[in-house]
Structures are given as structure tokens and as C-alpha cells.
Amino acid sequence: AALFTAAGQQKWVYAGGMDRIGHAGLVTKGELRYVATSDDKTGIAFLDYASGHLVKRGRVANVVASGDFGGNGDRELLVSPAEDEFLIVDAEDREGAKLSVPKTYWYKPAVTTGANPAVVLSAGRALDVYDAQLRFKTRLDAADEASPMHVASAAFSGPNMTGLFAVLYAGRGGWHRS
């Protein structure tokens, strides 16, 4: 893991023996600021934002995204301890909202940016939209979605899941004939 300034200058690098680093996210609580990343064996690494030093280890889960899921100005993490399970954890690795979905869902959700982020999951030929507390909000028809595609990025044009909804699909990988 590494942190760079907006000008492209490297602030720090962390190479602390993680076998497979996944996604990273910024997590904050008051004055606490961490860069969190995950390894499927050693758990979430909470790295000091200023120095990159390992401060603590958290639960074994994959970091999916970070955002202000609590609506309080702090950034929490959306993590996935299993393919069909998601939960929100804070800077102290305390568990918040939790969501379990059928195994038929694609496990990697897209998270919208801004206040009150939405979590969007591919569910066959539909998109299920959850609010920042992982409560189901709506199902959007994605009939033109060709399997095996999944939502890679999503955004609403208005605040609080209003306005137009844009989605970008990506393939899941693998070889197939078309």
C-alpha cells in the first residue's frame, strides 16, 4: 500500500508482509485517520494516515469501499467477510449495519460517492440498491444486462438516491463464446 499527494509525490509505502492486498479505503473517526486495506489471511490493516505505520489489525474481511455510511462526517468501511455478507465497520473496527444476500448475487458491489452513499449489487438481471445503512431501497430492471456482467460503478444525479441513475457494467472475467 502507498499514499501519494495530489501532485504525485509519494508520502509513504507499507510493505508489511501481506500476501494479497485488496482494496483500500480511508476510515476516520474524529481525529483518527487510517488507510485500511485487507489481506484474506491477516485481516484488515489499519495504517496511520500520516506515517503509513501499522497501528492495528482488524477482522478478516475484504475492504470493498469507504464512505460516510453513518451520515456523521466520519468515514467508515464497507467490508465483506464472505462472498454473501457485507457489513459496515468504523475506525475502531466496531461492527455497524450488516447485510446478507443470496449466493446468486455478484459479490462485489458498487458504492456511490458523496453523502449517504448507496450500495448497488448485481442480482441476476436486476440491480438491488441499498442505502448507507444497508437497508433495501429498490430493485432496478437490468434486462439488457448480459450475464456474466456486474455493476462496476454507479451514481445518482441527485442527492439521497434521487434523479437519474447511471451504471457501468464490467465482465466478471473468464472465457466465453459470443
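One can find the structure itself at the top, above this paragraph.
Keep in mind that this is a model prediction, so the values were computed, not measured.

## Overview of the overall build of the protein
Summing up its helical and strand segments, the protein has zero helices and 16 strands in all. Here the protein holds 178 residues, and the buried ones make up 40% of them. Contacts in the protein between residues at least 24 apart in sequence constitute 34% of all its contacts with a sequence separation of at least 6. By element, 51% of the accessible surface of the protein is carried by carbon and sulfur atoms, the whole surface being about 9,700 Å².

## What about the layout of surface pockets?
For the second largest pocket, the calculated volume is near 150 Å³. If you trace the second largest pocket, you find 14 residues lining it, with T112, T113, A115, F156 and G158 closest to the centre. A breakdown of the residues in the lining of the second largest pocket according to their chemical character gives eight nonpolar, six polar and no charged.

## Considerations on the environment of Y14
Structurally, Y14 can be placed in the loop between strand 2 (10–13) and strand 3 (21–29). Y14 sits in the buried class, given a relative accessible area of 10%. When the C-alpha atoms of Y14 and A2 are compared, they prove to be 6.0 Å apart, with twelve residues separating the residues in sequence. Among residues more than four places away in sequence, those in contact with Y14 are A1, L47, G52, L54 and R57.

## A closer look at the pattern of salt bridges
Taken as a whole and judged by the stated rule, the model has nine salt bridges. With a shortest N-O distance of 3.1 Å, D93 and R59 are connected by a salt bridge. A residue pair is termed long-range when its members are at least 10 positions apart, and D93 in the loop between strand 9 (85–89) and strand 10 (95–100) and R59 in the loop between strand 6 (54–57) and strand 7 (62–67) qualify at 34 residues. With a relative accessible area of 18%, D93 lands in the buried category. Residue classification places R59 among the partly exposed positions, given a relative accessible area of 24%. Residues E92 and R94 are paired through a salt bridge, measuring 2.8 Å at the closest nitrogen-oxygen approach. Accessibility expressed as a relative area gives 36% for E92, which makes it partly exposed. A single network of salt bridges, built from pairs that share partners, joins K29, D90, E92 and R94.

## Looking at the side chain of T28
On the secondary structure map, T28 appears in strand 3. One polar contact links the side chain of T28 to the main-chain amide nitrogen of R75, over a distance of 2.9 Å. Every residue in contact with T28, bar those within four places of it in the chain, is listed here: R33, G73, D74, R75 and A91.

## Let's talk about the packing of aromatic side chains
Applying the stated criterion across every chain yields a total of three aromatic pairs. Taking 5.7 Å as the distance between ring centres and 75° as the angle between the ring planes, the aromatic pair formed by Y34 and F46 counts as edge-to-face. Within this pair, whereas Y34 is found in strand 4 (residues 32–39), its partner F46 is found in strand 5 (residues 43–48), the two being separated by twelve residues in sequence. With respect to class, Y34 is no different from F46; both count as buried. On the basis of an interplanar angle of 45° and a centroid distance of 4.5 Å, the ring pair of F156 and F165 is categorised as tilted.

Analysis parameters
- Residues numbered from 1 in each chain as written.
- Predicted model: local features only at pLDDT ≥ 70, side-chain atom pairs only at ≥ 80, totals over all residues.
- Heavy atoms only, no water.
- Helix = DSSP H or I, 4+ residues; strand = E, 2+ residues; numbered from the N terminus.
- Buried < 20%, exposed > 50% of the residue type's maximum accessible area, 1.4 Å probe, protein only.
- Contact = heavy atoms within 4.5 Å.
- Areas by Shrake-Rupley, 256 points an atom, 1.4 Å probe, with all protein chains shown as cover.
- 1 Å grid on protein atoms, 1.4 Å probe; cavity = no way out; pocket = protein on both sides within 12 Å on 5 of 7 lines; lining within 4 Å.
- Points joined across faces, edges and corners; volume = space filled by probe spheres on them.
- Nonpolar A, V, L, I, M, F, W, Y, C, P; charged D, E, K, R; others polar.
- Salt bridge = Lys/Arg side-chain N within 4 Å of Asp/Glu carboxyl O.
- Polar contact = N/O pair within 3.5 Å; in protein donor to acceptor, adjacent residues only side chain to side chain.
- Phe/Tyr/Trp six-rings, centres within 6.5 Å; stacked < 30°, edge-to-face > 60°.

In short, geometric facts, not functional conclusions.
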